[in-house]
Amino acid sequence: MSLDTALGHKLKKRLKLSSLSSNPSYKGRSRSITQRSDDDTNSRKTSKTTVSYLKKKRVYPNKAEHNHVNEIPRTMWAASKRNQRSTSSFKTSTDAATSVFKTKSPRGDDATRKSYRKRDDLDNNADVRRRKSSDVQSFKARKQAFSEKRVVGDGSDIQEDKPRKRKRIRLDPYDTSNKRIDDDVVLDEGLRVKNKKDAVKSVEMSKNAQFRAIQPSHSILSYVEENLLGRRRLIELKKAGYNTELPAPLDNIPQSTSTERERIEESVFRNKLEFFAAANVSSSFPPPDVPEIAFAGRSNVGKSSLLNALTRQWGVVRTSDKPGLTQTINFFGLGPKLRLVDLPGYSFAFAKDEVKEAWEDLVKEYVSTRTSLKRVCLLVDTKWGMKPRDQELINLMERSNTKYQIVLTKTDVVFPMDVARRAMQIEEKLKANRSIVQPLMMVSSRSGAGIGSLRTALAKIAKFAKF
Ligand SMILES: Nc1nc2c(ncn2[C@@H]2O[C@H](COP(=O)(O)OP(=O)(O)OP(=O)(O)O)[C@@H](O)[C@H]2O)c(=O)[nH]1
Ligand SMILES: [Mg+2]
């Protein structure tokens, strides 16, 4: 047999088989086989299905006990289930449509699937909207029915919709144990407190506004600018020729690299600053035989720092950012002709109230009775201005004819305009005072601004003091 004929024979065989499987008559033949096998229960030459069926029959020999489903051959039962499932999946029209879209997409690519999904989403949204509108309509209808019921309905309906009667609680105005009355009182107090707070806030606000409205005089403004007072940028100081590497650079001559105190213009301040005595009671004050300049002010205002800055001897007087470091009256000798006195600060100090009161009493006693005291430098923080305690001390000094001079400190913290405003504000406030020494001084121990001017003003005391 040639190769062609063998191949042709094989092909023919395959075609015959396929035609047999697709031929309904062939199917019928197979069915007839199974039927025959059903009928012929004793035959051993039956198909596999028939065998299993026979086995089942043996388990349940009594036909009356037989379940109806068990009588159906397994293959047929499975097929029927499959049919059921397939029909149930086409229950709704939308499902059917989607399935059609899925199976019969004209292009079958991603884009089409996406567009179909979009269409589905739109449909869903429309459904939601329809449902919502129907909900709204039903709510409106219910509302209308309810109102009609109340107006037109019979008596029973009206009774049903009547608002419940509120229980009236009689309040006894004289019974203070009544909780509701107590509540009212608390509420009123709370309101009052809130109003008070608001009022205080508005006063604070107006104070701030008042400060902003101050128009400093031309002389003060020019003094602030000439002495580079106020917050300045380093580049500005460098451009002006100051060496910003030095401590308190503005207290140096421009272009200078020297930190020597020998360069200080006032000879008295070139002397070495030496600790002389400390006193926490008036009995331990040193004898009043040398003119004294005292530095007073609130805690943390910068008294001790100013002493160091004036003498350019950093670290002789201890300073701290914690208020209340200086707790005694400290006397420092500056040559034979002058003493600088560092007073403990008042107000904001981390100390017990009774201790603070003792310091204040000591300061007051020193300021009002010390015969050798030639000047009190009352230091005021430029940012915060004068406080009631400062005013108290001023009043005391006025009463005891003690000469005092206001010194604004930490000017480097605020803008130049605010330095000028604060100076103007305090000058205006103390214009009528008799013991005050003009002019008001403005300094910064950090930048060194205004220190030279204060030195000049204080050096005159040592020069002209009569003893
Ligand atoms: N920015 C700035 N800070 C300053 C200036 N002077 C002092 N300080 C700082 O302020 C803080 C308090 O300074 P002190 O000199 O200890 O103040 P005091 O008034 O002696 O304080 P008490 O001894 O507590 O009364 C320190 O941290 C200083 O560095 C200043 O001119 N500018
Ligand atoms: Mg101090």
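Residues numbered from 1 in each chain as written. Chains lettered and ligands numbered in written order. Predicted model: local features only at pLDDT ≥ 70, side-chain atom pairs only at ≥ 80, totals over all residues. Heavy atoms only, no water.

Defined as follows: UniProt positions are given in the numbering used here, feature names are shortened, and annotations may be inferred rather than shown by experiment.
Identification of the chain as GTP-binding protein ribosome biogenesis YsxC from Arabidopsis suecica is taken from an unreviewed UniProt entry. Regarding the chain, the UniProt comment filed under Cofactor (unreviewed entry) reads as follows: "Mg(2+)".

1. A short note on the packing of helix α10 (residues 218–226) against helix α15 (residues 416–429)
The cut-off we apply is this: Axis definition: a line fitted to C-alpha atoms, over the contacting stretch in the case of helices. Angles run 0 to 180 degrees between N-to-C directions. A helix here means a DSSP run of H or I that spans at least four residues, while a strand means a run of E at least two residues long, and both kinds are numbered starting from the N terminus. When an angle is under 35 degrees it counts as roughly parallel; over 145 it counts as roughly antiparallel; between 65 and 115 it counts as roughly perpendicular; any other value is oblique. With the far helix as reference, a near helix turned anticlockwise by less than a right angle produces a left-handed crossing, and one turned clockwise produces a right-handed crossing. A contact between two residues is defined here by any heavy atoms of the two lying within 4.5 Å. Three residue categories are used. Nonpolar comprises Ala, Val, Leu, Ile, Met, Phe, Trp, Tyr, Cys and Pro, charged comprises Asp, Glu, Lys and Arg, and polar comprises the others, including Gly.
Relative orientation of the contacting elements α10 and α15 amounts to 135°, with a least axis distance of 9 Å. Comparing their axes, α15 and α10 come out oblique. Like other packed secondary-structure pairs, α10 and α15 cross with a definite hand, here right-handed. In contact with I220, L221, V224 and E225 of α10, α15 contributes P416, M417, V419, A420, A423, M424 and E427. The residue inventory of the contact of α10 with α15, partitioned by class, reads nine nonpolar, no polar and two charged.

2. Remarks on the site of ligand 1
How we decide: We call a residue near a molecule or strand whenever a single non-hydrogen atom of that residue lies within 4 Å of it. What qualifies as a polar contact is a pair of N or O atoms within 3.5 Å, subject to a donor-acceptor requirement within protein and to the restriction that residues adjacent in sequence count only when both atoms come from side chains. Residue-level accessible areas treat just the shown protein chains as cover; the underlying method is Shrake-Rupley with a 1.4 Å probe.
The environment of ligand 1 is formed by 21 residues, the closest being K303, S305, G324, T326 and D412. Contact between ligand 1 and G345: an oxygen atom at 3.5 Å from a main-chain N or O atom of the residue. Considered on its own, ligand 1 offers 650 Å² of accessible surface; in the complex 90% of this is hidden by protein. When grouped by side-chain class, the residues that make up the shell around ligand 1 number four nonpolar, twelve polar and five charged.

3. Some words on the nonpolar core
The following threshold applies: To form a nonpolar core, buried Ala, Val, Leu, Ile, Met, Phe, Trp, Tyr and Cys residues must be joined to one another through side-chain atoms within 4.5 Å. Burial classes: relative accessible area under 20% of the type maximum marks a residue as buried, over 50% as exposed, and values in between as partly exposed (1.4 Å probe, protein chains only).
Ranked by internal contacts, the top residues of the largest apolar core, which has 46 residues, are L343, Y366 and I406. When residues in this core are grouped by element, the largest group, five residues, is from α15. Once you skip the residues sitting within four places of it in the chain, I406 turns out to touch L378, V380, I394, I426, L430, I436, L440 and M441. Counting residues in hydrophobic clusters, the runner-up holds 27 residues, among them F332, L340, I451 and A459.

4. Overview of the packing of helix α13 (residues 353–369) against helix α14 (residues 388–399)
Helix-helix packing: each pair is described by the crossing angle between the helix axes and the interaxial distance. With their axes 9 Å apart at the nearest point, α13 and α14 run at an angle of 30° to one another. Taken together, α13 and α14 sit at an angle that is classed as roughly parallel. Where α13 crosses over α14, the handedness of that crossing is right-handed. Along its contact with α13, which presents E360, V363, K364, V367 and S368, the element α14 presents R389, E392, L393, L396 and M397.

5. Looking at a negative patch on the surface
The condition is simple: Note that patches include only residues with greater than 30% relative accessible area and no salt bridge, and the join distances are 9 Å for like charges and 5 Å for nonpolar side chains (Val, Leu, Ile, Met, Phe, Trp, Tyr). The term salt bridge refers to a side-chain nitrogen of Lys or Arg lying within 4 Å of a carboxyl oxygen of Asp or Glu. When charges are counted, neither His nor the chain ends are considered; positive counts come from Lys and Arg and negative counts from Asp and Glu. Note that the charge is assigned to NZ on lysines, CZ on arginines, CG on aspartates and CD on glutamates.
Residues E354, E357, D361 and E365 make up a contiguous surface patch of negative charge. You can see E357 is positioned in helix α13.

6. As for the side chain of D390
Its place among the elements puts D390 in helix α14. An unpaired buried charge is present at D390: no salt bridge exists, and R298, the closest side chain of opposite charge, is 4.8 Å distant. The contact partners of D390, leaving out residues within four places of it in the chain, are R298, Y346, L378 and G385.

7. Observations regarding the side chain of S444
Following the sequence through the fold, S444 ends up in the loop between β7 (441–442) and α16 (451–464). With relative accessibility at 0%, the residue S444 sits in the buried group. For S444, the side chain forms a polar contact with the main-chain nitrogen of S447, separated by 3.0 Å. Filtering out sequence-adjacent residues up to four positions away, S444 remains in contact with T411, D412, A449 and I451.

8. Notes on the pattern of salt bridges
Any two side chains of opposite charge can pair, given that their charged atoms come close. Summed over the entire model, instances satisfying the criterion amount to 13 salt bridges. Between R370 and E292 there is a salt bridge, with the nearest N and O atoms lying 2.8 Å from each other. With a gap of 78 residues between them, R370 in the loop between α13 and β5 (373–381) and E292 in strand β2 (residues 292–297) connect regions that are remote in the sequence. Residue R370 is classed as buried on the basis of its relative accessible area, which comes to 11%. Classification of E292 by relative accessible area gives buried; the value is 0%. For the salt bridge of R421 with D418, the shortest nitrogen-to-oxygen distance reads 2.9 Å.

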